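# What the coordinates show
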Amino acid sequence: MNFIINFIKSTYVEIENVPQPYGVFHLTFIFLSLLIMVTICYLSRKSSDKTFRIVMFCTGLFLILSEIYKQLYYYYAAGGEGYDWYIFPFQLCSVPMYLSVIVGCMKKNKIRDSICGYLASIGFLGGIMAYVEPSGILNGQYFTLIHSCVWHALLIFIALYILFTNNACKNLGDYKYALIIFGGVVLAATALNLIFRDKPNFNMLYISPFHNSPLAVFSSFDTFFEGILGQYPGRIVSILIYIFAVASGGFIIYAADCFVNKKLRSGIPARIKKA
């Protein structure tokens, strides 16, 4: 056990020049990861259902194992005294690791389709927003930098793989089933926030009524509505706006996915090849 702890501590290395938002590292990583992921997903578009389940399960399992290491890393190497409840793994970007494993264990049915719809839309949103507003992933430690960048890239990969293999986003009206999954995630996060309300910085999905959101824009909403309505009513209004924004962003992505899916199934790649 001491060997494991010492190894984890040895991986704590600070970065002298922290990558800057939209700098060389940030933009290069986005371009290369998207290029690689789109290429892999396109070439895998005719995967069998068995292969699809294996890929989903293995990707989710990798995320879980890397998350376990991250938890140990923060506890033994990067953290202070005790457990940092802020990193408890049930955020918008954490949920896909659980759902991917579940999808990998399920044969095709309506529930699996609904989960896949969630992963292809709201799951994708969680991944892509980390690159749009990268303050949470461009940090000063090599492990957390690599972990965060790869993690969110894999969320995008999961969404693209589901889309290219035609396992979701076939009809725009089916987004309501993805919303049901999202509703379940919100309820689970709310229950956790209430149960662990006394834990410092415990704010799953950033919808705890007891802690303000650290997210850009929404932190300003917290301050604004709390100033008008008071702490808890103002925070609840801000939470509702956040949930609506995530659901709306997911809908836009789902609609785009449906359009891409339709084009993929219409034989456009074949026409391009002939040309």
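Everything below is about the structure printed above this text.
These remarks concern the structure in this document. (Residues numbered from 1 in each chain as written. Predicted model: local features only at pLDDT ≥ 70, side-chain atom pairs only at ≥ 80, totals over all residues. Heavy atoms only, no water.)

### Describing the state of the cysteines
Put plainly, two cysteines are in a disulfide when a covalent bond ties their sulfur atoms together. A full pass over the atoms with the stated rule returns 0 disulfides. The structure places no disulfide on Cys116, whose sulfur is separated from the nearest cysteine sulfur, that of Cys169, by 9.1 Å. With no disulfide partner, Cys149 has as its closest neighbouring cysteine sulfur the one in Cys93, 12 Å distant. (Disulfide = S-S within 2.5 Å.)

### Re a positive patch on the surface
Taken together, the side chains of Lys110, Lys170, Lys176 and Arg265 present a region of like positive charge at the surface. When you line up the elements, Arg265 lands in helix α9 (residues 231–265). For Arg265, a relative accessible area of 39% translates into the label partly exposed. (Patch = residues over 30% accessible without salt bridge, like charges linked within 9 Å, V, L, I, M, F, W, Y side chains within 5 Å. Areas by Shrake-Rupley, 256 points an atom, 1.4 Å probe, with all protein chains shown as cover. Salt bridge = Lys/Arg side-chain N within 4 Å of Asp/Glu carboxyl O. Lys, Arg positive; Asp, Glu negative; His and termini not counted. Charge placed at Lys NZ, Arg CZ, Asp CG, Glu CD. Helix = DSSP H or I, 4+ residues; strand = E, 2+ residues; numbered from the N terminus. Buried < 20%, exposed > 50% of the residue type's maximum accessible area, 1.4 Å probe, protein only.)

### Describing the packing of helix α5 (residues 110–132) against α9
Contact pair α5 / α9: the axes reach a minimum separation of 8 Å and the direction vectors enclose 120°. Taken together, α5 and α9 sit at an angle that is classed as oblique. Between α5 and α9 lies a crossing of right-handed hand. Two secondary-structure elements touch here, α5 through Gly117, Ala120, Ser121, Ile122, Phe124 and Leu125 and α9 through Val246, Gly249, Gly250, Ile253, Tyr254 and Asp257. Taken together, the residues of the contact of α5 with α9 sort by class into 7 nonpolar, 4 polar and 1 charged. (Axes fitted to C-alpha atoms, helices over the stretch in contact; angles between N-to-C directions. Parallel < 35°, antiparallel > 145°, perpendicular 65-115°, else oblique. Left-handed = near helix turned anticlockwise from the far one by under 90°. Contact = heavy atoms within 4.5 Å. Nonpolar A, V, L, I, M, F, W, Y, C, P; charged D, E, K, R; others polar.)

### Re the pattern of salt bridges
Counted according to the given criterion, the structure contains 5 salt bridges. Linking Asp49 and Arg112 is a salt bridge whose minimum nitrogen-to-oxygen distance equals 2.7 Å. Taken together, the positions of Asp49 in helix α3 (residues 49–78) and Arg112 in helix α5 put the pair 63 residues apart, joining distant regions of the chain. For Arg112, a relative accessible area of 0% translates into the label buried. With a closest N to O distance of 2.9 Å, Arg235 and Asp222 form a salt bridge. Taken as a pair, Arg235 in helix α9 and Asp222 in helix α8 (residues 218–229) lie far apart in primary sequence, 13 residues in all. For the residue pair Arg235 and Asp222, the accessibility class agrees, reading buried in each case. One connected set of salt bridges, linked through shared partners, spans Asp49, Arg53 and Arg112.

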